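Residue-level structure breakdown
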Amino acid sequence: MAKSRVLVVGTGGIGTMSAYALEKGGLAEVTAVMRSNYDAAVKNGIDIDSVLWGQIKAWRPSAITKTVPDVSKGDVAPFDFILVTTKNIPDVPPTVADIIAPAVTPGKTAIVLSQNGINIEKPLITRFPTNPLISSVAYTGATETALAKIYNDDPDCQKIGAFTSPQVPTNVAEEATKRYVNIYNPDGKLNIIYEPDVAKVRWRKIAYNGSMNPVASILRMDTPRMRMSRHVIDDLILPVIGEIRAIAEASGITLQPDLVHAVLHQDPNDTAFKPSMCQDYEKGNLMEIENLVGEPLREAEKLHVPTPTLKIIYGIMKGLQLKVKEEKGLWEPGFQSGNPYE
Ligand SMILES: NC(=O)C1=CN([C@@H]2O[C@H](COP(=O)(O)OP(=O)(O)OC[C@H]3O[C@@H](n4cnc5c(N)ncnc54)[C@H](OP(=O)(O)O)[C@@H]3O)[C@@H](O)[C@H]2O)C=CC1
Ligand SMILES: CC(C)(CO)C(=O)C(=O)O
(Lines give C-alpha, C1' and ligand atoms only; values in the text may rest on other atoms or scores of the structure.)
(Ligands and ions follow the chains in the order given, each with its own letter.)
Protein backbone atom coordinates (compact mmCIF):
# COMPACT_ATOMS: atom_id res chain seq x y z
CA MET A 1 0.00 0.00 0.00
CA ALA A 2 1.35 3.46 -0.90
CA LYS A 3 2.37 5.49 2.10
CA SER A 4 0.35 8.61 2.92
CA ARG A 5 2.15 11.82 2.08
CA VAL A 6 2.32 14.05 5.14
CA LEU A 7 3.72 17.58 5.19
CA VAL A 8 4.72 18.70 8.70
CA VAL A 9 4.77 22.50 8.92
CA GLY A 10 6.61 23.72 12.02
CA THR A 11 9.17 21.10 12.99
CA GLY A 12 9.91 22.22 16.55
CA GLY A 13 8.94 20.27 19.71
CA ILE A 14 5.56 18.79 18.78
CA GLY A 15 6.23 18.73 15.02
CA THR A 16 9.40 16.66 15.40
CA MET A 17 7.83 14.15 17.79
CA SER A 18 4.88 13.76 15.42
CA ALA A 19 7.07 13.47 12.33
CA TYR A 20 9.16 10.79 14.05
CA ALA A 21 6.14 8.73 15.15
CA LEU A 22 4.47 9.03 11.74
CA GLU A 23 7.55 7.69 9.95
CA LYS A 24 8.15 5.02 12.57
CA GLY A 25 4.60 3.71 12.04
CA GLY A 26 5.61 2.82 8.47
CA LEU A 27 2.45 4.12 6.77
CA ALA A 28 3.52 7.73 6.24
CA GLU A 29 6.20 9.49 4.27
CA VAL A 30 6.98 12.81 5.95
CA THR A 31 8.22 16.01 4.37
CA ALA A 32 9.29 18.37 7.15
CA VAL A 33 9.27 22.12 6.63
CA MET A 34 12.07 23.53 8.79
CA ARG A 35 13.11 27.14 9.28
CA SER A 36 15.71 28.18 11.90
CA ASN A 37 16.72 24.53 12.35
CA TYR A 38 16.90 23.66 8.62
CA ASP A 39 20.70 23.90 8.22
CA ALA A 40 21.38 22.00 11.46
CA ALA A 41 18.95 19.22 10.51
CA VAL A 42 20.31 18.86 6.97
CA LYS A 43 23.92 18.82 8.20
CA ASN A 44 23.69 16.67 11.33
CA GLY A 45 20.16 15.27 11.45
CA ILE A 46 17.83 15.74 14.41
CA ASP A 47 18.69 14.48 17.90
CA ILE A 48 15.77 13.44 20.07
CA ASP A 49 16.02 12.69 23.79
CA SER A 50 12.68 11.07 24.43
CA VAL A 51 10.97 9.54 27.43
CA LEU A 52 9.05 7.40 24.92
CA TRP A 53 11.52 6.57 22.14
CA GLY A 54 14.87 6.81 23.97
CA GLN A 55 17.97 8.48 22.53
CA ILE A 56 17.63 9.02 18.79
CA LYS A 57 20.67 10.43 17.03
CA ALA A 58 20.90 12.14 13.65
CA TRP A 59 17.37 11.29 12.59
CA ARG A 60 16.04 12.61 9.29
CA PRO A 61 12.50 12.39 7.93
CA SER A 62 12.00 11.27 4.29
CA ALA A 63 12.41 14.86 3.09
CA ILE A 64 13.38 18.20 4.61
CA THR A 65 12.52 21.47 2.93
CA LYS A 66 13.02 25.11 3.78
CA THR A 67 9.83 26.34 2.15
CA VAL A 68 6.28 25.08 1.96
CA PRO A 69 6.07 23.13 -1.35
CA ASP A 70 3.84 24.60 -4.05
CA VAL A 71 1.64 21.77 -5.31
CA SER A 72 0.06 23.92 -8.03
CA LYS A 73 3.27 23.72 -10.07
CA GLY A 74 2.71 20.03 -10.84
CA ASP A 75 6.22 18.78 -9.94
CA VAL A 76 5.25 18.00 -6.34
CA ALA A 77 2.70 15.24 -5.69
CA PRO A 78 -0.31 16.34 -3.61
CA PHE A 79 -0.20 15.82 0.14
CA ASP A 80 -2.75 13.58 1.86
CA PHE A 81 -2.26 15.43 5.14
CA ILE A 82 -0.72 18.69 6.28
CA LEU A 83 0.13 18.62 9.97
CA VAL A 84 0.43 22.15 11.36
CA THR A 85 2.60 22.40 14.47
CA THR A 86 3.73 26.01 14.36
CA LYS A 87 2.85 28.25 17.26
CA ASN A 88 -0.46 29.86 16.27
CA ILE A 89 0.01 33.63 16.38
CA PRO A 90 -2.68 35.23 14.21
CA ASP A 91 -1.81 38.74 15.45
CA VAL A 92 1.47 38.60 13.50
CA PRO A 93 1.49 37.70 9.79
CA PRO A 94 1.79 35.30 8.04
CA THR A 95 -1.23 33.45 9.39
CA VAL A 96 -1.42 29.64 9.42
CA ALA A 97 -3.69 29.78 6.34
CA ASP A 98 -1.15 31.91 4.45
CA ILE A 99 1.75 29.67 5.48
CA ILE A 100 0.22 26.39 4.31
CA ALA A 101 -1.76 27.66 1.28
CA PRO A 102 0.77 26.61 -1.42
CA ALA A 103 0.63 22.96 -0.26
CA VAL A 104 -3.14 22.58 0.00
CA THR A 105 -4.92 20.69 -2.76
CA PRO A 106 -8.58 21.76 -2.54
CA GLY A 107 -10.96 18.91 -1.72
CA LYS A 108 -8.09 16.46 -1.07
CA THR A 109 -5.56 17.46 1.56
CA ALA A 110 -6.76 16.97 5.14
CA ILE A 111 -5.35 19.66 7.44
CA VAL A 112 -4.46 18.61 10.99
CA LEU A 113 -4.10 21.41 13.53
CA SER A 114 -2.02 20.14 16.44
CA GLN A 115 -1.97 23.45 18.25
CA ASN A 116 -3.42 24.83 21.45
CA GLY A 117 -6.37 27.18 21.50
CA ILE A 118 -9.97 27.85 20.65
CA ASN A 119 -11.32 28.80 17.18
CA ILE A 120 -8.03 27.94 15.43
CA GLU A 121 -10.05 26.25 12.68
CA LYS A 122 -12.20 29.31 11.82
CA PRO A 123 -9.79 31.04 9.37
CA LEU A 124 -9.10 27.67 7.70
CA ILE A 125 -12.80 26.93 7.16
CA THR A 126 -13.04 30.25 5.30
CA ARG A 127 -9.87 29.74 3.27
CA PHE A 128 -10.07 25.99 2.55
CA PRO A 129 -13.83 25.25 2.68
CA THR A 130 -13.62 21.86 0.93
CA ASN A 131 -10.72 20.37 2.91
CA PRO A 132 -11.30 18.12 5.94
CA LEU A 133 -10.00 19.83 9.09
CA ILE A 134 -8.73 17.72 11.98
CA SER A 135 -8.29 18.78 15.60
CA SER A 136 -5.42 17.27 17.59
CA VAL A 137 -5.33 18.18 21.27
CA ALA A 138 -1.81 17.36 22.43
CA TYR A 139 -0.61 16.63 25.96
CA THR A 140 2.87 15.68 24.77
CA GLY A 141 5.73 17.57 26.40
CA ALA A 142 8.43 18.52 23.88
CA THR A 143 10.89 21.39 23.63
CA GLU A 144 13.56 22.33 21.12
CA THR A 145 16.49 22.98 23.47
CA ALA A 146 18.94 23.90 20.67
CA LEU A 147 18.66 23.84 16.88
CA ALA A 148 17.39 20.38 15.81
CA LYS A 149 17.71 19.03 19.37
CA ILE A 150 14.46 17.96 20.94
CA TYR A 151 13.78 17.08 24.56
CA ASN A 152 10.59 15.06 24.99
CA ASP A 153 9.70 14.69 28.66
CA ASP A 154 6.01 13.73 28.50
CA PRO A 155 5.16 10.80 26.19
CA ASP A 156 3.20 11.53 23.04
CA CYS A 157 -0.48 11.80 23.91
CA GLN A 158 -3.09 13.25 21.57
CA LYS A 159 -6.87 13.19 21.33
CA ILE A 160 -7.89 13.62 17.73
CA GLY A 161 -11.27 14.33 16.14
CA ALA A 162 -12.79 16.19 13.20
CA PHE A 163 -13.53 19.91 13.24
CA THR A 164 -16.93 20.84 11.84
CA SER A 165 -16.61 22.59 8.48
CA PRO A 166 -19.96 23.32 6.77
CA GLN A 167 -19.01 22.23 3.23
CA VAL A 168 -17.22 19.03 4.28
CA PRO A 169 -19.65 16.14 4.91
CA THR A 170 -19.31 14.72 8.44
CA ASN A 171 -18.52 11.22 7.18
CA VAL A 172 -15.72 12.57 4.95
CA ALA A 173 -14.14 14.52 7.83
CA GLU A 174 -14.45 11.56 10.21
CA GLU A 175 -13.01 9.12 7.68
CA ALA A 176 -9.99 11.39 7.09
CA THR A 177 -9.52 11.73 10.87
CA LYS A 178 -9.60 7.98 11.45
CA ARG A 179 -7.16 7.47 8.57
CA TYR A 180 -4.78 9.97 10.17
CA VAL A 181 -5.03 8.29 13.59
CA ASN A 182 -4.37 4.94 11.90
CA ILE A 183 -1.21 6.05 10.09
CA TYR A 184 0.05 7.71 13.29
CA ASN A 185 -0.73 4.75 15.51
CA PRO A 186 -1.05 1.69 13.25
CA ASP A 187 -0.54 -0.96 15.91
CA GLY A 188 -2.43 0.90 18.66
CA LYS A 189 0.58 1.08 20.99
CA LEU A 190 0.71 4.88 21.25
CA ASN A 191 -1.59 7.08 23.30
CA ILE A 192 -2.96 8.67 20.13
CA ILE A 193 -6.68 8.18 20.09
CA TYR A 194 -9.71 9.03 18.01
CA GLU A 195 -12.00 11.28 20.05
CA PRO A 196 -15.49 11.92 18.65
CA ASP A 197 -16.15 14.75 21.14
CA VAL A 198 -12.90 16.60 20.53
CA ALA A 199 -14.56 20.04 20.92
CA LYS A 200 -15.15 19.27 24.60
CA VAL A 201 -11.56 18.08 25.01
CA ARG A 202 -10.29 21.30 23.43
CA TRP A 203 -12.36 23.41 25.85
CA ARG A 204 -11.17 21.34 28.77
CA LYS A 205 -7.56 21.93 27.72
CA ILE A 206 -8.14 25.66 27.37
CA ALA A 207 -9.03 25.72 31.07
CA TYR A 208 -5.34 24.95 31.67
CA ASN A 209 -3.81 26.91 28.79
CA GLY A 210 -6.07 29.97 29.29
CA SER A 211 -5.23 30.19 32.99
CA MET A 212 -1.82 28.66 33.77
CA ASN A 213 -0.08 29.79 30.56
CA PRO A 214 -0.73 33.57 30.80
CA VAL A 215 -0.44 33.79 34.60
CA ALA A 216 2.87 31.89 34.53
CA SER A 217 4.06 34.24 31.76
CA ILE A 218 3.07 37.38 33.67
CA LEU A 219 4.72 36.10 36.86
CA ARG A 220 7.52 34.19 35.12
CA MET A 221 6.83 31.42 37.59
CA ASP A 222 6.59 27.63 37.31
CA THR A 223 3.25 25.99 38.04
CA PRO A 224 4.23 24.21 41.31
CA ARG A 225 5.43 27.56 42.72
CA MET A 226 2.18 29.17 41.55
CA ARG A 227 0.29 26.54 43.53
CA MET A 228 2.42 27.33 46.60
CA SER A 229 0.92 30.82 46.54
CA ARG A 230 -2.72 30.63 47.55
CA HIS A 231 -3.22 34.17 46.20
CA VAL A 232 -2.15 33.16 42.72
CA ILE A 233 -4.55 30.23 42.72
CA ASP A 234 -7.48 31.78 44.62
CA ASP A 235 -7.40 35.23 43.01
CA LEU A 236 -6.26 34.40 39.45
CA ILE A 237 -6.31 30.74 38.40
CA LEU A 238 -9.61 29.63 39.97
CA PRO A 239 -11.57 32.66 38.71
CA VAL A 240 -10.25 32.11 35.16
CA ILE A 241 -11.08 28.39 35.22
CA GLY A 242 -14.58 29.31 36.43
CA GLU A 243 -14.98 31.86 33.66
CA ILE A 244 -13.82 29.37 31.00
CA ARG A 245 -16.22 26.77 32.37
CA ALA A 246 -19.05 29.33 32.08
CA ILE A 247 -18.13 30.27 28.48
CA ALA A 248 -17.99 26.60 27.46
CA GLU A 249 -21.37 26.00 29.15
CA ALA A 250 -22.90 28.96 27.30
CA SER A 251 -21.63 27.45 24.04
CA GLY A 252 -23.28 24.13 24.85
CA ILE A 253 -20.30 22.26 26.32
CA THR A 254 -20.46 21.08 29.92
CA LEU A 255 -17.00 20.55 31.36
CA GLN A 256 -16.49 17.76 33.88
CA PRO A 257 -16.79 18.39 37.67
CA ASP A 258 -13.12 17.41 38.19
CA LEU A 259 -11.89 20.26 35.96
CA VAL A 260 -10.33 22.41 38.71
CA HIS A 261 -8.54 19.46 40.29
CA ALA A 262 -7.29 18.27 36.89
CA VAL A 263 -5.88 21.69 35.95
CA LEU A 264 -4.26 22.28 39.33
CA HIS A 265 -2.68 18.84 39.47
CA GLN A 266 -1.63 18.42 35.84
CA ASP A 267 2.02 19.17 36.62
CA PRO A 268 3.81 17.21 39.34
CA ASN A 269 4.99 19.15 42.42
CA ASP A 270 8.59 18.05 42.03
CA THR A 271 9.14 19.76 38.68
CA ALA A 272 9.72 23.42 37.92
CA PHE A 273 7.43 23.18 34.90
CA LYS A 274 6.69 26.37 32.99
CA PRO A 275 3.92 26.28 30.37
CA SER A 276 4.89 26.88 26.73
CA MET A 277 3.73 30.52 26.73
CA CYS A 278 5.99 31.33 29.67
CA GLN A 279 8.90 29.55 27.98
CA ASP A 280 8.26 31.59 24.84
CA TYR A 281 8.15 34.84 26.80
CA GLU A 282 11.41 34.04 28.55
CA LYS A 283 13.05 33.32 25.17
CA GLY A 284 11.80 36.66 23.80
CA ASN A 285 9.38 34.88 21.44
CA LEU A 286 5.91 35.96 20.40
CA MET A 287 3.19 34.27 22.43
CA GLU A 288 -0.02 32.45 21.50
CA ILE A 289 -2.25 34.92 23.30
CA GLU A 290 -5.09 35.29 20.80
CA ASN A 291 -6.33 31.69 20.64
CA LEU A 292 -5.56 30.92 24.29
CA VAL A 293 -6.99 34.07 25.90
CA GLY A 294 -8.43 36.42 23.25
CA GLU A 295 -10.79 33.94 21.57
CA PRO A 296 -12.34 32.61 24.82
CA LEU A 297 -12.88 36.25 25.79
CA ARG A 298 -14.51 37.12 22.47
CA GLU A 299 -16.76 34.04 22.76
CA ALA A 300 -17.72 35.27 26.24
CA GLU A 301 -18.60 38.71 24.89
CA LYS A 302 -20.81 37.17 22.17
CA LEU A 303 -22.56 34.97 24.72
CA HIS A 304 -22.82 37.68 27.41
CA VAL A 305 -20.78 35.71 29.95
CA PRO A 306 -18.98 37.92 32.51
CA THR A 307 -15.20 37.33 32.44
CA PRO A 308 -13.60 40.06 34.59
CA THR A 309 -10.40 38.14 35.42
CA LEU A 310 -9.76 36.89 31.90
CA LYS A 311 -10.20 40.43 30.60
CA ILE A 312 -7.54 41.82 32.93
CA ILE A 313 -5.19 38.97 32.04
CA TYR A 314 -5.76 39.59 28.30
CA GLY A 315 -4.98 43.30 28.74
CA ILE A 316 -1.69 42.49 30.46
CA MET A 317 -0.80 39.86 27.83
CA LYS A 318 -1.51 42.33 25.00
CA GLY A 319 0.95 44.72 26.65
CA LEU A 320 3.61 42.01 27.00
CA GLN A 321 3.10 40.90 23.39
CA LEU A 322 3.51 44.51 22.21
CA LYS A 323 6.85 44.69 24.04
CA VAL A 324 7.98 41.48 22.29
CA LYS A 325 6.84 42.88 18.94
CA GLU A 326 8.81 46.07 19.54
CA GLU A 327 11.93 44.13 20.57
CA LYS A 328 11.65 42.10 17.36
CA GLY A 329 11.19 45.22 15.23
CA LEU A 330 7.62 44.20 14.39
CA TRP A 331 6.08 47.30 15.96
CA GLU A 332 7.17 50.92 15.81
CA PRO A 333 5.86 52.94 18.76
CA GLY A 334 3.08 55.17 17.54
CA PHE A 335 -0.62 55.85 17.97
CA GLN A 336 -3.01 54.10 15.60
CA SER A 337 -5.53 56.42 13.99
CA GLY A 338 -8.62 56.64 16.17
CA ASN A 339 -6.72 56.01 19.41
CA PRO A 340 -8.26 58.51 21.88
CA TYR A 341 -5.31 58.40 24.29
CA GLU A 342 -2.88 60.29 22.02
N1 LIG B 1 5.62 21.91 23.22
C2 LIG B 1 4.69 21.30 23.94
O3 LIG B 1 5.03 20.56 24.87
C4 LIG B 1 3.25 21.50 23.62
C5 LIG B 1 2.85 22.36 22.63
N6 LIG B 1 1.53 22.43 22.28
C7 LIG B 1 1.10 23.30 21.17
O8 LIG B 1 1.67 22.77 19.97
C9 LIG B 1 1.95 23.82 19.05
C10 LIG B 1 3.42 23.73 18.66
O11 LIG B 1 4.19 24.03 19.80
P12 LIG B 1 5.74 23.69 19.93
O13 LIG B 1 6.07 22.44 19.24
O14 LIG B 1 6.08 23.83 21.36
O15 LIG B 1 6.34 24.92 19.11
P16 LIG B 1 7.88 25.19 18.79
O17 LIG B 1 8.08 26.66 19.01
O18 LIG B 1 8.77 24.21 19.45
O19 LIG B 1 7.96 24.86 17.24
C20 LIG B 1 7.30 25.61 16.27
C21 LIG B 1 8.06 25.45 14.99
O22 LIG B 1 7.33 26.11 13.96
C23 LIG B 1 8.28 26.75 13.13
N24 LIG B 1 7.61 27.80 12.35
C25 LIG B 1 6.90 28.84 12.79
N26 LIG B 1 6.44 29.56 11.74
C27 LIG B 1 6.91 28.94 10.63
C28 LIG B 1 6.80 29.23 9.25
N29 LIG B 1 6.15 30.28 8.80
N30 LIG B 1 7.39 28.37 8.38
C31 LIG B 1 8.10 27.31 8.81
N32 LIG B 1 8.24 26.99 10.12
C33 LIG B 1 7.65 27.81 11.01
C34 LIG B 1 9.29 27.31 14.10
O35 LIG B 1 10.45 27.68 13.43
P36 LIG B 1 11.47 28.80 14.02
O37 LIG B 1 12.31 28.07 15.02
O38 LIG B 1 12.19 29.25 12.83
O39 LIG B 1 10.61 29.88 14.64
C40 LIG B 1 9.46 26.10 15.01
O41 LIG B 1 10.37 25.18 14.48
C42 LIG B 1 1.57 25.11 19.76
O43 LIG B 1 0.26 25.49 19.39
C44 LIG B 1 1.61 24.73 21.25
O45 LIG B 1 0.77 25.52 22.05
C46 LIG B 1 0.58 21.65 22.88
C47 LIG B 1 0.93 20.79 23.88
C48 LIG B 1 2.27 20.68 24.36
C1 LIG C 1 1.06 21.94 29.54
C2 LIG C 1 1.31 21.59 28.09
C3 LIG C 1 2.76 21.21 27.89
C4 LIG C 1 0.52 20.35 27.66
O5 LIG C 1 -0.29 19.76 28.48
C6 LIG C 1 0.89 22.74 27.23
O7 LIG C 1 -0.09 22.66 26.54
C8 LIG C 1 1.63 24.04 27.25
O9 LIG C 1 2.65 24.17 27.93
O10 LIG C 1 1.17 24.97 26.56
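Positions within a chain are numbered from 1, following the residues in the order the chain's sequence is written. Following the order in which they are written, the chains are lettered starting with A and the ligands numbered starting with 1. Under the rules for a predicted model, residues below a pLDDT of 70 receive no local features and side-chain atom pairs below 80 are neither given nor counted, while totals for whole chains, interfaces and linings still include all residues.

Selection rule: UniProt positions are given in the numbering used here, feature names are shortened, and annotations may be inferred rather than shown by experiment.
As named in an unreviewed UniProt entry, the protein chain is 2-dehydropantoate 2-reductase, taken from Penicillium capsulatum. In UniProt, the protein chain has this text filed under Catalytic activity (unreviewed entry): "(R)-pantoate + NADP(+) = 2-dehydropantoate + NADPH + H(+)". For the record of the protein chain, the UniProt heading Function (unreviewed entry) holds the text "Catalyzes the NADPH-dependent reduction of ketopantoate into pantoic acid."

Here's the deal with helix α1 (residues 13–25)
For the record, the criterion: For helices the rule is a DSSP run of H or I covering at least 4 residues; for strands it is a run of E covering at least 2, with both sets numbered from the N terminus onward. Here the expected length of a helix is defined as 1.5 Å per residue gap, with one fewer gap than residues. Counting other C-beta atoms within 10 Å of each residue's C-beta, where C-beta atoms are placed from the backbone, gives the exposure class: buried for 20 or more, exposed for 12 or fewer, partly exposed between.
Here α1 is 13 residues long and its end C-alpha atoms lie 19 Å apart, about the 18 Å a rise of 1.5 Å per residue gives. The element α1 is extensively covered by neighbouring structure, given that eleven of its 13 residues are classed as buried. Within α1, the full set of buried residues consists of Gly 13, Ile 14, Gly 15, Thr 16, Met 17, Ser 18, Ala 19, Tyr 20, Ala 21, Leu 22 and Glu 23.

Things to note about the packing of helix α12 (residues 289–303) against helix α13 (residues 308–327)
Heads up, the rule is: As a rule, the C-alpha atoms of each element are fitted with a line to give its axis, helices using only the stretch in contact, and angles between N-to-C directions run from 0 to 180 degrees. When the near helix sits turned anticlockwise from the far one by under a right angle, the crossing is termed left-handed; a clockwise turn instead gives a right-handed crossing. Two residues form a contact once the distance between their C-beta atoms, set from the backbone, is within 7 Å. Here the term charged refers only to Asp, Glu, Lys and Arg, the term nonpolar to Ala, Val, Leu, Ile, Met, Phe, Trp, Tyr, Cys and Pro, and the term polar to all other amino acids, Gly among them.
Following both chains from N to C, one finds α12 and α13 inclined at 145 degrees, their axes separated by 10 Å at the closest point. Seen along the crossing, α12 lies across α13 with a hand that is left-handed. Of α13, the residues touching α12 (which contributes Ile 289, Val 293, Gly 294, Pro 296 and Leu 297) are Leu 310, Lys 311, Ile 313, Tyr 314, Met 317, Lys 318 and Gln 321. The residue inventory of the contact of α12 with α13, partitioned by class, reads eight nonpolar, two polar and two charged.

Some words on the nonpolar core
Stated precisely, the cut-off is as follows: Note on terminology: a nonpolar core is any set of buried Ala, Val, Leu, Ile, Met, Phe, Trp, Tyr and Cys residues joined through C-beta atoms within 7 Å.
Grouped together as the largest cluster of nonpolar side chains are 53 residues, with contacts concentrated most on Ile 82, Ile 111, Val 112 and Ile 134. The element best represented in this core is α1, accounting for six residues. Judged by nonpolar contacts, the second largest core, of 33 residues, contains Met 212, Leu 292, Val 305 and Tyr 314.

Digging into α13
Heads up, the rule is: Directions drawn from the helix axis to the C-beta atoms are what define this arc.
Its 20 residues give α13 an end-to-end C-alpha distance of 29 Å, which sits within 8% of 28 Å, the value for a rise of 1.5 Å per residue. Of the residues making up α13, those classed as buried are Leu 310, Ile 313, Tyr 314, Met 317 and Gln 321. Angularly, the buried residues of α13 cover 105 degrees about the axis, an arc narrow enough to put them on a single face. Turned more than 90 degrees off the buried face of α13, the exposed positions are Pro 308, Gly 315, Gly 319, Lys 323 and Glu 326. Residues of α13 that are buried sit in contact with α7 (212–219), α9 (230–250) and α12.

Brief notes about the UniProt feature "domain: Ketopantoate reductase N-terminal" (unreviewed entry) in the protein chain
Sites flagged by UniProt as "domain: Ketopantoate reductase N-terminal" (unreviewed entry) map to residues 6–163. Annotated as residues 6–163, this span is 20% helix and 35% strand, and its ends, taken at the C-alpha atoms, are 19 Å apart.

Details of the pairing of strand β11 (residues 157–162)
Cut-off, in case you're wondering: The pairing criterion is simple: DSSP has to find at least two bridges between the two strands. Note on handedness: a clockwise path from strand one over the helix to strand two, with the strands aimed away from the viewer, defines a right-handed crossover.
The buried fraction of β11 is high, at five of six residues. Of the pairings in the sheet, the one linking strand β8 (residues 133–138) to β11 comprises five bridges and is antiparallel in character. Counted as the bridge partner of Ala 138 is Gln 158 from β11. In this region the chain leaves β11, passes through helix α5 (residues 170–184) and returns to the parallel neighbour strand β12 (residues 191–194); the handedness of that crossover is right-handed.

A few points about the site of ligand 1
Stated formally: Nearness here is judged by the C-beta atom: place it from the backbone, and if it falls within 6 Å of a molecule or strand, the residue counts as near that partner.
Taken together, 27 residues are adjacent to ligand 1, and Gly 10, Gly 12, Arg 35, Ser 36 and Gln 115 come closest. Sort the elements by how many residues they give to the shell around ligand 1 and strand β9 (residues 141–146) lands first, with four residues. Of the residues belonging to the shell around ligand 1, the class tally is six nonpolar, 17 polar and four charged.

Side note on the environment of Thr 11
Examined against the element boundaries, Thr 11 turns out to sit in the loop between β1 (4–9) and α1. A sequence separation of 318 residues divides Thr 11 from Gly 329, and the C-alpha atoms of the two residues are 24 Å apart. Ignoring anything within four residues of it in the chain, the contact list for Thr 11 reads Thr 16, Ala 19, Ala 32, Val 33, Met 34 and Asn 37.

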